[in-house]
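Coordinates in review
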Amino acid sequence: MPLFAVICRDKPNHLQTRMETRERHLAYLAETGVVQFAGPFIEGGSPIGSLLVVEAENREAAGAWTAKDPYTQAGLFASVEVIEWRKVIG
């Protein structure tokens, strides 16, 4: 099954939204079982976005999965980009 990089950039001044939604976000990642790896982008010691690599049938399915993420539903992200990704090293 193909892999997709989900690149999310937080809205400015939305750290509180991220922190309030974090547990639901992590539970969603665990329960859906499609995440290969994930983590926040960090700037100045604070999270400013997220990178997730997910397994999905196609780009549309990866986008639909992303739309259900509690972070997305809470309005945390200024932008979300879903791009097919191929693992080469690691």
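Residues numbered from 1 in each chain as written. Predicted model: local features only at pLDDT ≥ 70, side-chain atom pairs only at ≥ 80, totals over all residues. Heavy atoms only, no water.

An unreviewed UniProt entry annotates the protein as YciI family protein of Paracoccus litorisediminis. Under the Sequence similarities (unreviewed entry) heading, UniProt states for the protein: "Belongs to the YciI family." (UniProt positions renumbered as here; feature names shortened; annotations may be inferred.)

On to the pairing of strand 2 (residues 35–43). Bridge count between strand 2 and strand 3 (residues 46–55): eight bridges; the pairing is antiparallel. By the bridge assignment, Ile42 is partnered in strand 3 with Pro47. Count of turn residues in the strand 2/strand 3 antiparallel hairpin: two residues, of which Gly44 carries a positive phi of about 60 degrees. (Pairing = 2+ DSSP bridges. Helix = DSSP H or I, 4+ residues; strand = E, 2+ residues; numbered from the N terminus.)

Turning next to the environment of Glu23. Topologically, Glu23 is positioned in helix 1 (residues 15–32). A sequence separation of 37 residues divides Glu23 from Glu60, and the C-alpha atoms of the two residues are 26 Å apart.

With that out of the way, let us pick up the side chain of Asp10. Inspection of the secondary structure assignment puts Asp10 in strand 1 (residues 3–10). Here Asp10 falls in the buried class, since its relative accessible area comes to 13%. Here Arg18 takes part through its side chain, which lies 2.8 Å from a polar atom of the side chain of Asp10. (Buried < 20%, exposed > 50% of the residue type's maximum accessible area, 1.4 Å probe, protein only. Polar contact = N/O pair within 3.5 Å; in protein donor to acceptor, adjacent residues only side chain to side chain.)

Another point: the UniProt feature "domain: YCII-related" (unreviewed entry) in the protein. If you check UniProt for "domain: YCII-related" (unreviewed entry), the listed places come out as residues 3–86 in our numbering. Its end C-alpha atoms 6 Å apart, residues 3–86 is made of 37% helix and 43% strand.

Geometrically, a pair of aromatic rings is defined through the distance of the ring centres and the angle of the planes. Applying the stated criterion to the full structure yields three aromatic pairs. Against the face of Phe41 rests Arg9, its NZ or CZ located 5.1 Å from the ring centre. (Phe/Tyr/Trp six-rings, centres within 6.5 Å; stacked < 30°, edge-to-face > 60°. Lys NZ or Arg CZ within 6 Å of the ring centre and 35° of its normal.)

With that settled, the discussion passes to the nonpolar core. Residues Phe4, Val6, Leu52, Val54, Ala62 and Trp65 are the most contacted members of the largest nonpolar core, which totals 14 residues. Those elements giving two or more residues to this core turn out to be strand 1, helix 1, strand 3, helix 2 (59–67) and strand 4 (77–85). Beyond its immediate chain neighbours, meaning those up to four positions away, Val54 contacts Pro2, Leu3, Phe4, Val6, Val34, Val35, Ala62 and Trp65. (Core = buried A, V, L, I, M, F, W, Y, C linked by side-chain atoms within 4.5 Å. Contact = heavy atoms within 4.5 Å.)

Time to look at the pairing of strand 3. The pairing of strand 1 with strand 3 spans seven bridges and is classified as antiparallel. Note that in strand 3 the partner of Arg9 across the bridge is Gly49.

This part is about helix 2. When helix 2 is considered as a whole, its buried residues turn out to be Ala62, Trp65 and Thr66. The buried residues of helix 2 occupy an angular sector of 100 degrees when projected down its axis, which confines them to one face. (Arc of directions from axis to C-beta.)

Another aspect to go through is the environment of Gly44. Within the secondary structure layout, Gly44 lies in the loop between strand 2 and strand 3. For Gly44, a relative accessible area of 84% translates into the label exposed. For the pair formed by Gly44 and Ile83, sequence separation is 39 residues and the distance between their alpha carbons is 27 Å.

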